[in-house]
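Chains, contacts and geometry: an overview
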Amino acid sequence: MIARRTLLRRGLCGAAALALGRPAQAASEPWRGPIFDAHLHYNDEAQQPYPLPEVLARLKRSGVRGALANSRPNDGTLALAAAREARAAAGVQLVPFIRLYRNRADYASWHQDRSIVAMVESELERGTAAGPYRGLGEFHLYESAFADHPTPRTLMALAQERGLAVLAHCDDVAIEKLMAHGPRARLIWAHTGIGGVPVARVRALLERHPTLLGELSYRPGLTDAAGQPAPEWRALFQGHSQRFLVGSDTWVNARWDSYESLMQEARTWLGALPPEQAQRIAWGNAQSLFGLT
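Residues numbered from 1 in each chain as written. Predicted model: local features only at pLDDT ≥ 70, side-chain atom pairs only at ≥ 80, totals over all residues. Heavy atoms only, no water.

In the annotation of an unreviewed UniProt entry, the entry for the protein chain reads Amidohydrolase family protein, and the organism field reads Rivibacter subsaxonicus.

Below you can see the structure in the form of structure tokens.
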């Protein structure tokens with residue numbers, strides 16, 4: 001009798017789903033594999049409330065086994081890099097990036113400040129305890145025209161010459177401009193567009209620029225109300241899963257407060273994808289990009 005009632009309930013659920021114009025679909029299990037956090041900040045205001053042992057504990061509890069780290073100023077990244085034994089104990093590999101901001105004022109003016117290039121060159125010479133810097137960013141371009149200023153042009157050429165990746169927060173027009181300044185540079189598009197760039201436009205940019213990747217924190221429209229991938233994103237991942245990365249964007253302390261739930265949200269939608277796609281987006285693409293073990 002119990003089995004018959006269970007079958008009846010399932011049949012009613014399936015009928016209700018069909019009546020709403022969609023097929024019934026079983027809930028998927030969250031992704032259980034390792035995650036690479038491709039957008040982690042350890043800024044100065046986070047360092048006292050979240051000391052290094054707590055930061056690494058949150059990453060470990062979240063199954064984050066690698067992170068693209070940058071900070072304002074770069075001292076936070078250097079502190080993470082120096083904690084070699086603690087990182088090894090937590091199983092976290094570090095990919096350090098140079099952030100272009102010495103202070104908050106640099107957010108709005110870096111693109112026209114030639115001293116930023118000198119700072120970057122100095123940081124590259126110094127390196128970190130985790131090995132040499134692997135990239136530049138995150139940086140912001142609040143207007144697409146700023147991408148044509150001398151400092152961004154110089155840094156994109158430098159990134160291409162030195163084999164550095166770039167993490168850029170900008171619109172789709174600025175992406176085109178940055179790629180023109182360094183067409184072979186590996187450019188990670190923070191949030192895969194600000195303000196919800198249409199998926200069709202994202203697809204076109206990926207197909208036009210083979211070294212462009214999308215980072216998916218804060219991405220509008222990525223998931224539906226149930227936390228599952230939206231249909232247009234499922235379709236994009238089907239052919240381009242090798243071009244995306246997961247990130248947390250701990251730009252304010254509230255994001256550190258909710259770090260584990262942010263990673264669980266990512267695991268929820270990753271788990272709804274075919275396993276090979278989830279593996280690439282969660283870990284495999286970063287592994288290939290940065291030579292992780």
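This is not the end of the story, as more comes after the structure.
Looking at the nonpolar core
Membership of the largest hydrophobic core comes to 73 residues, with the highest contact counts inside it found for W269 and L270. Membership of the second largest hydrophobic core comes to 16 residues, among which are A190, L245, A286 and L292. (Core = buried A, V, L, I, M, F, W, Y, C linked by side-chain atoms within 4.5 Å. Buried < 20%, exposed > 50% of the residue type's maximum accessible area, 1.4 Å probe, protein only.)

Side note on the UniProt feature "domain: Amidohydrolase-related" (unreviewed entry) in the protein chain
In the numbering adopted here, UniProt assigns the feature "domain: Amidohydrolase-related" (unreviewed entry) to residues 58–292. Taken end to end, residues 58–292 comprises 48% helix and 14% strand; its first and last C-alpha atoms sit 20 Å apart. (UniProt positions renumbered as here; feature names shortened; annotations may be inferred. Helix = DSSP H or I, 4+ residues; strand = E, 2+ residues; numbered from the N terminus.)

Some points on the side chain of E215
Among the secondary structure elements, E215 is positioned in strand β7 (residues 212–215). Of the side chains bearing the opposite charge, R255 lies closest to the buried E215, which forms no salt bridge; the N-O distance is 7.2 Å. In terms of polar contacts, E215 uses its side chain to reach the side chain of H39, at 2.9 Å. Looking at E215, its side chain comes within polar contact range of the side chain of S217, at 2.6 Å. With residues near it in sequence (within four places) discarded, E215 still touches A38, H39, I188, W189, A190, H191, T192, L245, V246 and G247. (Lys, Arg positive; Asp, Glu negative; His and termini not counted. Salt bridge = Lys/Arg side-chain N within 4 Å of Asp/Glu carboxyl O. Polar contact = N/O pair within 3.5 Å; in protein donor to acceptor, adjacent residues only side chain to side chain. Contact = heavy atoms within 4.5 Å.)

Some words on the pattern of salt bridges
Two side chains of opposite charge can pair, provided their charged atoms sit close to one another. Under the criterion given, the structure shown has 15 salt bridges. The salt bridge partner of E29 is R32, with a shortest N-O separation of 3.4 Å. By relative accessible area, which is 57% here, E29 ends up exposed. Across the pair E123 and R126 runs a salt bridge whose closest N-O atoms are separated by 2.5 Å. With E123 and R126 both in helix α6 (residues 115–126) and 3 residues apart, this pair spans about one turn of that helix. E123 gets classed as buried once you look at its relative accessible area, which sits at 9%. On the basis of relative accessibility, which here comes to 52%, the residue R126 falls in the exposed class. A single network of salt bridges, built from pairs that share partners, joins D44, E45, R72 and R104.

Some remarks on the side chain of S217
Here S217 shows up in the loop between β7 and α10 (231–240). Using a relative accessible area of 4% as the deciding quantity, one classes S217 as buried. For S217, the contacting residues outside a window of four places in its chain are H39, H191, G247, S248 and D249.

As for the packing of α6 against helix α7 (residues 150–162)
Relative to each other, α6 and α7 sit at 20°, their axes nearing to 10 Å. Taken together, α6 and α7 sit at an angle that is classed as roughly parallel. For the pair α6 and α7, contact is made by I116, V117, V120 and L124 and by T151, T154, L155, L158 and R162, respectively. Of the residues contributing to the contact of α6 with α7, the split by class is 6 nonpolar, 2 polar and 1 charged. (Axes fitted to C-alpha atoms, helices over the stretch in contact; angles between N-to-C directions. Parallel < 35°, antiparallel > 145°, perpendicular 65-115°, else oblique. Nonpolar A, V, L, I, M, F, W, Y, C, P; charged D, E, K, R; others polar.)

What to know about helix α12 (residues 259–271)
With 13 residues, α12 should reach 18 Å at 1.5 Å per residue; the first-to-last C-alpha distance of 18 Å fits that figure. As for α12, its buried residues are in contact with β1 (35–41), α2 (52–61), β2 (64–70), α10, α11 (253–257) and α13 (275–290). (Expected span 1.5 Å × (residues − 1).)

Considering the environment of A190
Residue position: A190 is located in the loop between β6 (186–189) and α9 (199–208). Taking the C-alpha atoms as reference points, A190 and G214, 24 residues apart in sequence, are found 6.5 Å from one another. Discounting chain neighbours no more than four positions away, the residues touching A190 are H39, E138, L167, A168, H169 and E215.

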